[in-house]
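# Understanding the architecture of this molecule
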Amino acid sequence: MPEVLAVIPARGGSKSLPRKNVRPLGGIPLIAHTIRAAQAADLVTRVVVSTEDAEIASIARSFGADVIDRPVELASDEASSESALLHALDYLDTAEGYRPDILCFLQCTSPLTASEDIDNVLSTMIEAGAETALAVTRFHYFVWRQDHEGSAVGVNHDKAVRLRRQDRHREFLETGAVYAMLADGFRVARHRFFGRTVVHEMPASRVLEIDDPEDFVLATQRLDADRMRAPILPSPVHGIAFDFDGVFTDDLVSVDEHGTESVRCSRRDGMGIEMLRAAGIPMVVISKERNPVVARRCEKLRLEYRQGQDDKRGVLKLWLEESKLDAQHVIYVGNDVNDLECMAAVGCAVAPADAHPHALAAASVVLRSGGGRGAIRELADMILGGAA
C-alpha cells in the first residue's frame, strides 16, 4: 500500500466570512468535518493540518490531526494552496525524513466530503496509473460570458445549436473538495494537475464549498438530513448508560479563587432525561470523575449514578446484569478514549458531535449537538420519534 499523506491547509484569515474555518457547523468547528473524513478514509495514512493560526492548530490537534506551522507569508490572500502543500512536504522531509508516495489535498471548506469520496479519488488515480486526480460532479448547464461589447457569448456551446443533454459531451465541475497527486511529481511540477489526470464523480448532494453565511445554512440542512437518515438505534431500546463529562457537560470546568469547580449543563438535556424516564427506559451515569457535581446533577435529574469508577466497563457489565438488560439493546453515550471499552460492550455506541476523534470513530451514531449543548435531548428525540 502506498504511503498517503492528507494535507488540509487552513488559514486564520477570511475576508468573505471571518474565522470561517473554526466556525461551528453541526456542533463542531468547520475544519473538524474534513479532519474526521480524512481519518476515516482507508487509504489515508496520515492527516496533517497546515496553518499559521493558533486556534486552528489547537482544534486540529484536539481532533487528532498533526499540525505544521505555516509561515505567515504563505497564509496571505495572495499565497497559493500549492505553496502550503510544498511547504508541508519540505517540512516533513527535513524534520522527520518523511516522504509520502501520494499527496492528498483536502479543502476544509468542503464539510460534506465523505471518507469514501477521498478513498475513491485515491483509488481511481492508483488503479489508472495516473499522476493526478480530483473529485468532480456531473455538469450539464450552458455557460455564458460577456464579450468586450457586453454581448452574451456561449462558452461551452454554440448558442445557435441547442443540443439535448444526451447529445452533448459529458462535462464535469471541479468540486474543490479532494485532489490527489504523486508527491515527488508535485515537488517537481509545483502545481496539482501535472501528468495524466483522472477524475472521480462525487454525488452532487455532497458538493458544497463554504464561502458565505448562506452556505453554512445549506450545509447545516444537509448534515441534519443525513443524520436523520443514518442513525441505527436498537429497537427497542432497553437501557442507556452515559458518561458524564463531555456528555452532560461541555467538558469545560470553571474554578473560583477557592478552588471550587463548577460545570455547565443544558436544560434541554434535563428535559430529554425526563422524556426517557417517562418512556420507562432504565438509565445510569458511569463516571471516573470524583467531583460531587456529578452526584448533585444526577440527583437533581433523579438518575442512577456510579461515579469515581476506574473500571467503567466492569461497572457497566454489572449494571446490565443487575438490571437484566440485553446489551445488544442498550446504548452507551461516551465522548473520550476512556469510554471506548464501554462503547464496544453494547449494541449501539453514541457520541456527541464534539467528542474525541477516537470516540467519534467508535460511534454508531454521531449526534449533531455537542456535549452539554443538547446532545442528550437530541438522542431522546431520536429514540422517542420527536425528531422524525
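### A look at the overall build of the protein
- For the protein, the count of helices and strands is 12 helices and 19 strands.
- Counting all 388 residues of the protein, 49% fall into the buried class.
- Taking all contacts inside the protein whose residues are at least 6 apart in sequence as the whole, residues at least 24 apart take part in 65%.
- Surface exposure of the protein reaches about 18600 Å², of which carbon and sulfur atoms provide 49%.
- If you average the places of the 44 positive and of the 58 negative side-chain charges in the protein, the two averages end up 5 Å apart.

### A closer look at the packing of aromatic side chains
- According to the stated counting rule, one finds 5 aromatic pairs in the structure shown.
- Ring geometry for F242 and F248: centres 5.3 Å apart, planes at 75°, overall edge-to-face.
- An aromatic cluster of three or more residues is present, and its members are F105, Y179 and F193.
- When the ring centre of F142 is taken as origin, the NZ or CZ atom of R162, which lies over that ring, is 3.9 Å away.

### Here we look at helix 7 (residues 267-278)
- Here helix 7 contains 12 residues, and its C-alpha end-to-end distance of 17 Å stays within 8% of the 16 Å for a straight helix at 1.5 Å per residue.
- Where helix 7 is concerned, the buried positions are D269, G270, G272, I273 and L276. Projection of helix 7 onto a plane perpendicular to its axis shows the buried side chains occupying an angular sector of 155°, all on one side. Exposed positions of helix 7 whose direction lies more than 90 degrees from the buried face are R267 and A278.
- With a side-chain oxygen lying 3.1 Å from the backbone nitrogen of R268, the N-terminal cap of helix 7 falls on S266.
- Just past helix 7, the residue G280 takes up positive phi, approximately 80°.

### What about the sheet that holds strand 17 (residues 330-333)?
- Strands sit in the order 16-15-12-17-18-19 across an open sheet of 6 strands; the sheet is parallel. Single-partner strands in this sheet number two, and they are strand 16 (304-306) and strand 19 (365-366).
- Pairing analysis gives 2 bridges linking strand 18 (residues 348-351) to strand 19, with the strands arranged parallel. The residue of strand 19 that forms the bridge with A351 is V366.
- Sitting on the sheet, helix 9 (residues 312-323) touches strand 12 (239-242), strand 15 (283-286), strand 16 and strand 17, and the angle it makes with strand 15 is about 160°.

### Side note on the environment of R162
- Structurally, R162 can be placed in the loop between strand 9 (152-154) and strand 10 (171-182).
- In this structure R162 comes out as exposed when scored by relative accessible area, which is 57%.
- Aside from chain neighbours lying at most four places away, what touches R162 is F142, W144 and H157.

Quick notes on the rules
Residues numbered from 1 in each chain as written. Predicted model: local features only at pLDDT ≥ 70, side-chain atom pairs only at ≥ 80, totals over all residues. Heavy atoms only, no water. Helix = DSSP H or I, 4+ residues; strand = E, 2+ residues; numbered from the N terminus. Buried < 20%, exposed > 50% of the residue type's maximum accessible area, 1.4 Å probe, protein only. Contact = heavy atoms within 4.5 Å. Areas by Shrake-Rupley, 256 points an atom, 1.4 Å probe, with all protein chains shown as cover. Lys, Arg positive; Asp, Glu negative; His and termini not counted. Charge placed at Lys NZ, Arg CZ, Asp CG, Glu CD. Phe/Tyr/Trp six-rings, centres within 6.5 Å; stacked < 30°, edge-to-face > 60°. Lys NZ or Arg CZ within 6 Å of the ring centre and 35° of its normal. Expected span 1.5 Å × (residues − 1). Arc of directions from axis to C-beta. Polar contact = N/O pair within 3.5 Å; in protein donor to acceptor, adjacent residues only side chain to side chain. Pairing = 2+ DSSP bridges. Axes fitted to C-alpha atoms, helices over the stretch in contact; angles between N-to-C directions.

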